[in-house]
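A structural walkthrough
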Amino acid sequence: MFAIINLDDERSLDRMEWTDDGQLLAITSTKGNLYVYLTSLPMLAATQQTRIAHLTSLLEVTIEDNIQQPGPDTEQPATISVDVEPSYLGLGPYHLAVGMNNRAWFYLLGDNVHHGYSGGLEQLKDREYLGTVHSIKLNADYAAAHFEDKIQLHMHLSVIKNQIEGETSGTTDERESKLFPDKDVNQTHITCHDMTQEFLIFGTDNGGLYYFYIEDWQYVNEFRHSYGVRKLFPDPSGTRLVFIDEKKDGYVYNPVNDLLVEVPDFSPYIKGVLWEMWALDRGVFIAYDEEKIYTYMYSKEHVMGTRCDLVGTTKLPYGQIPIMLHNGEVTLQTQSGKLVTIALDTHSYLFIDTIEGKTTKEERASLNSCLDQCIALKRWKDGWIFCQQLNAKEYWLKLGYASFKCLDIDFAIRVFREQGDVGMVASLMQIRHLEDRNLLSGYLAMYLGEFNLAQDLFLASSKPLSALEMRRDLLHWDSALQLAKALAPEQIPYISKEYAQQLEFTGDYMTALAHYEKGITRQEIDKDHDEVCAAGVARMSIRMGDIRRGVGMASKMPSRVLKKECASILESMKQWQEAALLYEQGGFYDKAASVYIRSKNWTKVGELLHHITSPKIHIQYAKAKEADGRYKEAAEAYKQAKDWDNVIRINLEFLQNPEEAVKIVREVQSVEGAKMVARFFQKLNDYGSAIQFLVMSKCNDEAFQLAQQHNQMEIYADIIGPDATPEDYQSIALFFENEKNHFLSGKFFLLSGQFNRAMKHFLRCDGENSQAIELAIETVGRANDDQLTHELVNFLMGDTDGVPKDAKYLFRLYMALKQWREAGRTAIIIAREEQSAGNYRNAHDVLFSMYQELKQQKIKIPTEMANNLMILHSYILVKIHVKRGDHLKGARMLIRVANNISKFPSHIVPILTSTVIECHRAGLKNSSFSYAAMLMRPEYRNQIDLKYKKKIESIVRKPDKTEEEEPCTPCPYCGFQLAETELLCPECKGNIPYCIITGRHLVKEDMSACPSCDFPAIFSEYIRLMETEENCPMCSEKVIKQNLQKVSDTHKYLNPEEGITE
């Protein structure tokens, strides 16, 4: 229900009637009164930029700008009363036109009108036209009225008046008015028109679109469409225009380049089109019918070319007409004469209060929808904000690809840089400065994978060769060849080669052969290229069955790789002889021999044998020779193949050469070969050798049984060695136990870990059996058992059998038990006995080994042991110095030994004699006299060697007591100068370590040490000794001169007692 009308003064109604258009309702009463009601106003409106003139009553027009923000300078609505009910309106920057039928009234809009005062309106002279006016359009200077298929263009009266008053020159009567169509456009009927500030634009029933440039008063553009133009809607500048033809299809026309783009999904019921008035959204326009508003985006620059896309639809309220679009808001005129605005659904993101804090799935879907709107409307900066909120790579990529599709390269670079896509940023940076839009779009289309489009764009650009480069990079060889024929014929051979390689890979050998042949240039500069093509021809010829041609070409060409490839193809075709020939020519002897073997050509295989490295081929050849009974050649071939088992078999079974078989088994440790050799020796009753090879072949059980059967257990025990298990040792021990062989039984019980049984057998051995005692000591050391230790000590002391054993065994026992102090005391005793017996080197070695062991265990060295080792070492140094001819050093050491002559009871006279002789040679006459006088004592005199007796007697009879004092060197502790061979400092009372080279005391600034035993020495003397000697005098180990270095930290050598236990 629209409304209820109450007639209070009437009792009853007579008649009621509507006008045909439903606008007026007439009612008569029984009293004779007539009532007329207006139910809806005519929906008339005109716009100029954002200003709207619309009918608010039958005789009232209102001008307003509802886009401006409220403020003191905001233009207020102005109401204008008119004399007649208008049927059309026109609004310009400074004028308003109101008209009906063939007459129009013009009003000049003064400044007051802009502030809402109708008093500022000046009515100009009205104007009559030659027919009923359908519509009228105004700009600042002119009006254009459309009537009866014609247009009257004329200047506003106010403009004419101003020109007259200002006496403006150049204005003629011709420019005041013009009727269209004129003589330039004959036999056409104008169907629609519009006017911008510069142009009058009209369309005709035969499809013509005309641009009349008012400034120059002439046509500047004409376009012919296939069908008649019914309506047209230019944007404010006139550079883009939407028109509807007789088929009710919509198009966007660009007069600059006559480019026509069809509007997609265009409804046949479209009533009108409005362009976006917001300056930053110039490509957007809407079309509307009675139910919906359709939003479109016109993109002049796009990778796909100029295009128009449907963005979305919005429901249109019933009975309302859109009259203006601004920033996503549509101003509608209602039937009551009011204006309302609605927001387009395609711009809904503009009206969201906030986007922050939206994290749910539904909210993110909403943000994604808003991002899609921004992309569709090309509002990149708004899209950036939504991408920051969504913060996911897929949304950034969507925005980036959309922006560079629209050729906004700088923004796309910004997006991809944000995502760290270095490759895309680098690619876009390379093309961002291209001015050729086709070339730029071609690269972008290529990045998008639209290769056909990219090719078309490249060909239309200033660099058509880019299309060829793209196809080559994409391996689209058919397309590349077609392009090369037109753009770069010189590239055809190179493309043919690459195409042929691809065809060869895919198996199209016939086509590949043709392209390889096309690729040959026969130019010296392309020698490498031609060789590749010729190689391809050779391979393809073989594959196509022309083997003679292919083999001939491959043989003539120097490439080993080609020969191998062709031979491989021939081998797959079972062309053995040709394949082997090419392998051989290419130096692939293993492959050649393999193919010759397939063809049973053993003669050729034999010729190539010295080149072959493959064991498999040698084995095949060896089997063939063995089958022919040529065993020597077969054995040699097996040897080349390192098939030792077969070499052993041939030598044993056919060549009767067991020596070679045994030699091979020992060298390669072959298990199977050892078994074969063992069986061979068993046949010859050589059980010892058989056992040896059975053990080598890991057949320990068989070897044990064989040894047991033939009484060869000792051989078996020697052979089995360290590889045996405790069970193996136990079996051997039990065997010898049964044989009453206590030593071997104990030995193998020891190896099996049964220490009690081992000790029992060792103690049953002969008391003089040193090996048994040594193993008993080892048993005690490994068992760490007090009872076993007690038993062995009793045995060594003679408590068991009444025969005390050598003290050295007790020493070794203490060493095995790691009882270092007892071992040290025993070592001193042993050394004293050895020394008394004259075995000075043995005594030295016993003391040295014990000294090292105690030092390693960080146990204090007994003074007696250290002193005895020093005296014995001084005696050993005598021989070294005398041998080197250094008699002074030898004499000094002999004086030290002679001063301790009681420790050398077996050689008192010889040592004293040597001391006299060496001191005399060294010029130590007084020392020589002193020891000569000692020799003249009755107990020694008769023991003097006759060789030296007279000499010694003369030294005593004619004494010469002249002797230089011994040189002094500083004490390493306190620096006091004392004699070189003195080892006790009289100043600090310190015992100074001695040099193992000279026997002198150490010098702190010139100290070294033996790399093996770590005993200290004087560095310079050690180096001098190494010129004639190789071994250390102390440990007898070999010393490399280059390994000797001065000791920087002498503390551990001068203070060896630190860190040791008492």
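Right, let's walk through the structure included here. Here the residue numbers are simple positions, counted from 1 along each chain's written sequence. In keeping with the model being predicted, local features are shown solely for residues with a pLDDT of at least 70 and side-chain atom pairs are shown and tallied solely at 80 or more, while totals for entire chains, interfaces and linings include all residues. Values reported for side chains reflect all heavy atoms of the structure, with hydrogen atoms and water molecules removed beforehand.

A word on the overall build of the chain
Secondary structure summary: the chain contains 42 helices and 35 strands in total. Only protein chains enter the calculation, and the probe is 1.4 Å; a residue is then buried if its accessible area is under 20% of its type maximum, exposed if over 50%, and partly exposed in between. The buried share of the chain, taken over its 1062 residues, is 47%. Pairs of residues are marked as contacts when any of their non-hydrogen atoms sit within 4.5 Å. For the chain, contacts bridging at least 24 residues in sequence account for 42% of all contacts bridging at least 6. Accessible surface computed for the chain: about 54,300 Å², of which carbon and sulfur atoms make up 47%. Under the DSSP-based scheme used, a helix requires at least four consecutive residues in state H or I and a strand at least two consecutive residues in state E, with every element numbered from the N terminus. The Shrake-Rupley method, run with a 1.4 Å probe sphere, supplies the accessible areas, and residue values consider only the shown protein chains as cover.

Concerning unusual backbone geometry
Residue F180 is joined to P181 through a cis peptide bond whose omega torsion reads 0°. In the Ramachandran plot, D265 falls in the positive-phi region, its phi being about 50° despite a non-glycine side chain. Here D265 shows up in the loop between β24 (259–262) and β25 (272–275). Positioned with a positive phi, R522 is a non-glycine residue whose angle comes to about 60°.

What to know about the nonpolar core
By convention a nonpolar core is built from buried Ala, Val, Leu, Ile, Met, Phe, Trp, Tyr and Cys residues, the set being connected through side-chain atoms within 4.5 Å. Counting residues in hydrophobic clusters, the biggest one holds 67 residues, and the most contacted among them are I996, F1015, Y1022, C1032 and M1034. Of all the elements, helix α35 (residues 863–883) adds the most residues to this core, at nine residues. Within the second largest apolar cluster, 38 residues are counted, among which are V303, F416, A454 and F458.

Section: the packing of aromatic side chains
Side-chain rings of Phe, Tyr and Trp (the six-membered ring for Trp) are treated as a pair once their centres are within 6.5 Å; stacked means planes under 30 degrees apart, edge-to-face means over 60, and tilted covers the remaining angles. Taken as a whole and judged by the stated rule, the model has 29 aromatic pairs. For the pair F202 and Y219, a centre-to-centre distance of 6.3 Å together with 70° between the ring planes defines the contact as edge-to-face. Here the residue F202 occupies a position in strand β18 (residues 199–204), and Y219 occupies one in strand β20 (residues 218–224), the gap between them amounting to 17 residues. For the pair F202 and Y219, a shared accessibility class is recorded, and that class is buried. With a centroid separation of 5.4 Å and 65° between ring planes, the pair formed by Y401 and F404 is classed as edge-to-face. Of this pair, Y401 and F404 both sit in helix α4 (residues 393–405), separated by three residues, roughly a single helical turn. When its relative accessible area of 29% is taken as the criterion, Y401 is described as partly exposed.

The values are spatial; any link to function lies outside them.
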